[in-house]
Amino acid sequence: MTDRVVEEIAVADRESTLRWAIIGTGAISHHIAQDVTGLIGAELVAVASRNARRAGEFARLHGAAHAGSLSEVLRLGEVDVVYIATPHATHHEIARRALMAGKHVLIEKPATMDVAEAEDLRQLAQATHAFLMEAMWMKFNPAYRALIDFVQSGGIGAVRSVRASFGLPFPRDDSSRWNADLGGSALFDQGIYPLTLACDMLGAPTEITARGVREAGVDIAQHMTLEFGDGRYAQLASSMSEFVEPTAAVNGTDGWVEIPFPFWVATEFTTHLADPKTFLTSQTSQFEKQGNGYTPMLRAVQQAILDGAREHSLHTWNDTTAVLALLQSTATQITQNR
Ligand SMILES: NC(=O)c1ccc[n+]([C@@H]2O[C@H](COP(=O)([O-])OP(=O)(O)OC[C@H]3O[C@@H](n4cnc5c(N)ncnc54)[C@H](OP(=O)(O)O)[C@@H]3O)[C@@H](O)[C@H]2O)c1
């Protein structure tokens, strides 16, 4: 090969490789780092932390060339896309700074604390021509995609109701989950998944009724009933103080689908369909977990960015703001009806 051909291949490789930075060194960042480094065409180049030692250790562990503060990492020309996994209340400001630095942005859920912050990021991403998405990994999970296809193709007839809950107690510690100033909330950490599932299956609700438990400004448990017109409804719950069976079911006129724990990263679902001879036929479909479960989302984000897209059709910014509005409405009702 001539030097020129080698150089052209190197340029082509560079153009089809996306260079990632991770902000925050918590548990989720380690899981994402493993999936980024396992992805073809992805390179983890940097990690940002408030603490230089933590950043250095994380970078060494995952093979990132750079470690530093948020400002240092955002200044790096070799970072294409930034993944933000910090406490909820910090997302808006960090995403803002990343967009201003000319980076594409993937933000952990919920993308922001409210719709106003999300609209601000939308405008900024439009101005900087950046890709912007909330890391709603559930929507990219192969089992979830197959479930959506099955339900949308009429597999259980007309969809009439959804039951979904995510109640897993968190240890009572000094983490951001119990800190109101940092946006600690079971609704934000867990309730966002049942709400997203319900909206995917039934559309936009016409009404939402919510009650729950709020302690020191933190929503620690909640249950919601959503109405979708014509008697269609969803019953949802989340809690970080007690167990609420973390499974889901989608019910229709011809049968129902059960999604076992953990429904937000399920590797199987079971259909129960009306059968004229046996009354019911049940069948379980199984799917492979890819990486730590984030790989399908990361691959989709990577492809969208390389294709020049500004958002992903499976989880648009309008999807994000629609669910944020429901989270806000739920939190407001819980505060008002205590
Ligand atoms: N998709 C999933 O499966 C999943 C699972 C868990 C959490 N999450 C989401 O991931 C995000 C982080 O949640 P988490 O429970 O990991 O939070 P966390 O442990 O409180 O914080 C994560 C990291 O953010 C940095 N950080 C902490 N406080 C900060 C502050 N005040 N300002 C800036 N950075 C700060 C810390 O890294 P440094 O000390 O290195 O700066 C910390 O390790 C949330 O949006 C959460 O909903 C998603």
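Residues numbered from 1 in each chain as written. Predicted model: local features only at pLDDT ≥ 70, side-chain atom pairs only at ≥ 80, totals over all residues. Heavy atoms only, no water.

Glancing now at the packing of helix H2 (residues 27-37) against helix H3 (residues 52-62). As a packed pair, H2 and H3 sit with axes 10 Å apart at the nearest point and diverge in direction by 35°. The chirality of how H2 crosses H3 is right-handed. Contact residues: H2 offers Ser-29, His-30, Ala-33, Gln-34 and Thr-37, while H3 offers Phe-58, Leu-61 and His-62. Here the residues of the contact of H2 with H3 are counted per class, giving three nonpolar, five polar and no charged. (Axes fitted to C-alpha atoms, helices over the stretch in contact; angles between N-to-C directions. Helix = DSSP H or I, 4+ residues; strand = E, 2+ residues; numbered from the N terminus. Left-handed = near helix turned anticlockwise from the far one by under 90°. Contact = heavy atoms within 4.5 Å. Nonpolar A, V, L, I, M, F, W, Y, C, P; charged D, E, K, R; others polar.)

Attention shifts here to the UniProt feature "domain: GFO/IDH/MocA-like oxidoreductase" (unreviewed entry) in the protein chain. Residues annotated in UniProt with the feature "domain: GFO/IDH/MocA-like oxidoreductase" (unreviewed entry) correspond here to residues 144-258. From the first C-alpha to the last, residues 144-258 spans 12 Å; its make-up is 23% helix and 38% strand. (UniProt positions renumbered as here; feature names shortened; annotations may be inferred.)

Okay, the domain arrangement of the protein chain next. Split into domains, the protein chain comes out as domain 1 (3-135) and domain 2 (138-288). Placing the centre of domain 1 and that of domain 2 at their C-alpha centroids yields a distance of 29 Å. Taken together, the contact pairs nine residues of domain 1 with ten residues of domain 2. Carbon and sulfur atoms make up 69% of the surface buried where domain 1 meets domain 2, a total of about 790 Å² over both sides. At the surface where domain 1 touches domain 2, the tally comes to one salt bridge. The shortest N-O distance in the salt bridge between Lys-109 and Asp-189 comes to 3.5 Å. Our count for the domain 1 to domain 2 interface comes out at four residue pairs in polar contact (both at pLDDT 80 or more). Residue composition of the side of domain 1 that touches domain 2, by class: five nonpolar, two polar and two charged. (Domains from an automatic or database assignment. Buried area = accessible area lost by both parts, 1.4 Å probe. Salt bridge = Lys/Arg side-chain N within 4 Å of Asp/Glu carboxyl O. Polar contact = N/O pair within 3.5 Å; in protein donor to acceptor, adjacent residues only side chain to side chain.)

Moving on: the sheet that holds strand E1 (residues 18-23). Read across the sheet, six strands follow the order E3-E2-E1-E4-E5-E6 without closing on themselves; strand pairing throughout is parallel. Strands at the two margins of the open sheet, each flanked by one partner only, are strand E3 (66-68) and strand E6 (132-134). Shown here is a sheet whose adjacent strand axes are inclined to one another by a mean of 20°, direction ignored. Direction of pairing for strand E2 (residues 42-48) relative to E3: parallel, over a ladder of three bridges. Across the sheet, the residue bridging to Ala-48 is Gly-68, located in E3. (Pairing = 2+ DSSP bridges.)

Another point: the nonpolar core. Counting residues in each nonpolar core, the largest one holds 100 residues, and the members touching the most others are Trp-20, Val-162, Leu-197, Met-201, Phe-263 and Met-297. The element contributing the most residues to this core is helix H8 (residues 186-202), with ten residues. For this core, the domains that each give at least three residues are domain 1 (3-135) and domain 2 (138-288). Other than its neighbours up to four places away in sequence, Met-297 contacts Ile-32, Leu-106, Met-133, Ala-135, Met-136, Trp-137 and Phe-140. Ranked by size, the runner-up nonpolar core spans six residues in total, among them Trp-178, Ala-186, Val-218 and Met-240. (Core = buried A, V, L, I, M, F, W, Y, C linked by side-chain atoms within 4.5 Å. Buried < 20%, exposed > 50% of the residue type's maximum accessible area, 1.4 Å probe, protein only.)

Before going further, it helps to spend a moment on unusual backbone geometry. Cis peptide bonds are those with omega within 30 degrees of zero, and the linkage from Lys-109 to Pro-110 qualifies with -15°. In the segment running from Phe-261 into Pro-262, the intervening peptide bond is cis, with an omega of -10°. For His-129, which is not a glycine, the phi torsion comes out positive at approximately 55°. Inspection of the secondary structure assignment puts His-129 in the loop between helix H6 (115-128) and E6. On the basis of relative accessibility, which here comes to 54%, the residue His-129 falls in the exposed class. Look at Asp-230: it is not a glycine, yet its phi comes out positive at around 55°. Relative to the helices and strands, Asp-230 resides in the loop between strand E9 (218-227) and strand E10 (233-239).

Now for the packing of aromatic side chains. By convention here, two paired aromatic rings are described through the distance between centres and the angle between planes. According to the stated counting rule, one finds seven aromatic pairs in the structure shown. A ring pair is formed by Phe-263 and Trp-264, whose centres lie 5.2 Å apart and whose planes are at 85°; its orientation type is edge-to-face. According to the relative accessible area criterion, Phe-263 is buried, its value standing at 1%. Between the NZ or CZ atom of Arg-177 and the centre of the ring of Phe-170, over which it lies, the distance is 3.9 Å. (Phe/Tyr/Trp six-rings, centres within 6.5 Å; stacked < 30°, edge-to-face > 60°. Lys NZ or Arg CZ within 6 Å of the ring centre and 35° of its normal.)

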